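A look at the structure
The primary structure of each chain is shown beneath.
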Number of protein chains: 2
Amino acid sequence: MNAISIGVVSRETGVKVPTIRYYESVGLLPSPERTDSNRRSYDDATVRRLRFIRHARELGFEVDAIRQLLDLSDQPERSCAEVDVIARSHLAEIDEKIARLTALRFEVQRMVDEGEHGRVAQCRVIEVLGDHAACLHERH
Amino acid sequence: MNAISIGVVSRETGVKVPTIRYYESVGLLPSPERTDSNRRSYDDATVRRLRFIRHARELGFEVDAIRQLLDLSDQPERSCAEVDVIARSHLAEIDEKIARLTALRFEVQRMVDEGEHGRVAQCRVIEVLGDHAACLHERH
DNA sequence: TCTTGATCCTCTAGTCGCTAGAGCATGTAG
DNA sequence: CTACATGCTCTAGCGACTAGAGGATCAAGA
């Protein structure tokens, strides 16, 4: 029922076929059902899970962090304290990423704007990420 | 003048010593001056550059993208058109990252909030990143 | 001054997260 | 029933580090 081949999953998620098999091998994806001829057979839930993994990776989360977030999703009935600790720590990580990206965005935007009327006066891309990051890092 | 050893640079940036040498080998950092005894001798500019590289990597930018941003910074006098194309493409990438992180942040925050009064009802972490990502991907 | 421990050097090899390819089996369309 | 796409497993390669061996150099104390 609703059996999706690995190739279709790949096309729908943008995750390459060998990568899907790799995620299975490291436990990010459950081992799927197999057809009579031993082919992997997925469902919609796996497609969503895979999309999540892909974009979380693109956002710079490590496989371990993704595993934790997925575990949270797999067992929403687990203890509040546990969820809270894990979720809060990721919240902090997410906030830091957003803050840094926003600073970088501002600076790159400034370069685009300046480029519109003449030449770029100076580039402070390094400063904006470097210093901001340093300050965030200090209070770690 | 203002000579900083690789170890100090490492401590100040949080980038490991071998990684600093690696960045030099792949051209992200210029080959620094050497002391009489062949030791690398850095200045403050390199420390800032390194901090930028580190945090850009943590934000999920590839080494090639970082190289482009650094080039922009190294030669701010280059043609407007060139800067514009590069900067705009990174702007789009940055905006996409911010949008996804914001969606994820919202959902993780909801989990923390719900956890405060009882158990977590359900986890939509996968949905929020997965679907949002899919929609962003469609219009590529 | 001598020594001892930290820091540096280069070079090689290992890890993580994929990614590509060989060699073979199975599915599907004409 | 061919032919070609798609699937399987397994091994090897790549990007971006990371750790370790083996050896030189520096800095501080006896």
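Everything quoted here is computed from the prediction, not taken from an experiment.

**Things to note about the overall build of chain A**
Within chain A, the regular secondary structure consists of six helices and two strands. Its helices and strands taken in sequence order, chain A reads α-α-β-β-α-α-α-α from the N to the C terminus. In chain A, which comprises 140 residues, the share counted as buried stands at 45%. Roughly 7,400 Å² of accessible area belongs to chain A as shown, and the carbon and sulfur atoms make up 49% of that amount.

**A short note on the pattern of salt bridges**
All names here are of chain A. According to the stated counting rule, one finds eight salt bridges over all chains in the structure shown. A salt bridge links R40 to E24, with the shortest nitrogen-to-oxygen separation between them at 2.7 Å. With a gap of 16 residues between them, R40 in strand β2 (residues 40-41) and E24 in helix α2 (residues 17-25) connect regions that are remote in the sequence. Its relative accessible area of 14% is what places E24 among the buried residues.

**Topic: the protein's contact with DNA strand D**
In the neighbourhood of DNA strand D, 17 residues make up the surrounding shell, with A:G7, A:R21, A:R40, B:Y23 and B:S37 lying closest. A breakdown of the atoms of DNA strand D within 4 Å of the protein gives sugar and phosphate a share of 84%. Within the side chain of A:S5, an N or O atom sits 3.0 Å from a phosphate oxygen of DNA strand D. A distance of 2.5 Å separates a phosphate oxygen of DNA strand D from a polar side-chain atom of B:S37.

**Concerning the protein's contact with DNA strand C**
Around DNA strand C sit 18 residues in total, of which A:S37, A:R57, B:G7, B:R21 and B:R40 are the nearest. Sugar and phosphate atoms represent 83% of those atoms of DNA strand C found within 4 Å of the protein. Between DNA strand C and A:Y23, the relevant distance is 3.1 Å, taken from a phosphate oxygen to a side-chain nitrogen or oxygen of the residue. A distance of 3.1 Å is found between a base oxygen of DNA strand C and a side-chain nitrogen or oxygen belonging to A:R39. Listing elements by their share of the surface near DNA strand C, those giving two or more residues are α2 of chain A together with α1 (6-13) of chain B.

**Details of unusual backbone geometry**
Positioned with a positive phi, A:N38 is a non-glycine residue whose angle comes to about 70 degrees. Relative to the helices and strands, A:N38 is located in the loop between β1 (33-34) and β2.

**Digging into the packing of aromatic side chains**
Residue and element names in this part refer to chain A. All told, the structure shown has two aromatic pairs over all chains when counted by the stated rule. Between Y22 and Y23 the ring centres are 6.0 Å apart and the planes differ by 50 degrees, which places this aromatic pair in the tilted class. Judged by its relative accessible area of 46%, Y22 is partly exposed.

**Describing the nonpolar core**
In terms of nonpolar packing, the biggest core is built from 52 residues, with A:I53, A:F61, B:I53 and B:F61 touching the most fellow members. With residues up to four places along the chain from it excluded, the contact list for A:F61 reads A:A56, A:I66, A:E93, A:I94, A:K97, B:L101 and B:L104.

**Points about the confidence of the model for chain A**
Residue and element names in this part refer to chain A. For chain A, the average pLDDT comes to 75, and 69% of its residues sit at 70 or higher. Confidence, expressed as mean pLDDT per element, reaches its minimum in chain A at helix α6 (residues 125-139) with 43 and its maximum at β2 with 96. Across residues 117-121, where pLDDT falls below 50, the model places 13 contacts with residues more than four positions away in sequence or in other chains.

**So, α1(B)**
For an α-helix, 3.6 residues make a turn, and residues three or four places apart therefore share a direction. All names here are of chain B. Buried within α1 are the following residues: I6, G7, V9, S10 and T13. Projection of α1 onto a plane perpendicular to its axis shows the buried side chains occupying an angular sector of 160 degrees, all on one side. The secondary structure elements touched by the buried residues of α1 are α2 (17-25), β2 (40-41) and α3 (44-58). Two residues or fewer past α1, G14 is found with a positive phi of approximately 80 degrees.

The rules we used
Residues numbered from 1 in each chain as written. Chains lettered and ligands numbered in written order. Predicted model: local features only at pLDDT ≥ 70, side-chain atom pairs only at ≥ 80, totals over all residues. Heavy atoms only, no water. Helix = DSSP H or I, 4+ residues; strand = E, 2+ residues; numbered from the N terminus. Buried < 20%, exposed > 50% of the residue type's maximum accessible area, 1.4 Å probe, protein only. Areas by Shrake-Rupley, 256 points an atom, 1.4 Å probe, with all protein chains shown as cover. Salt bridge = Lys/Arg side-chain N within 4 Å of Asp/Glu carboxyl O. Near = heavy atom within 4 Å. Polar contact = N/O pair within 3.5 Å; in protein donor to acceptor, adjacent residues only side chain to side chain. Phe/Tyr/Trp six-rings, centres within 6.5 Å; stacked < 30°, edge-to-face > 60°. Core = buried A, V, L, I, M, F, W, Y, C linked by side-chain atoms within 4.5 Å. Contact = heavy atoms within 4.5 Å. pLDDT = per-residue confidence, 0-100. Arc of directions from axis to C-beta.

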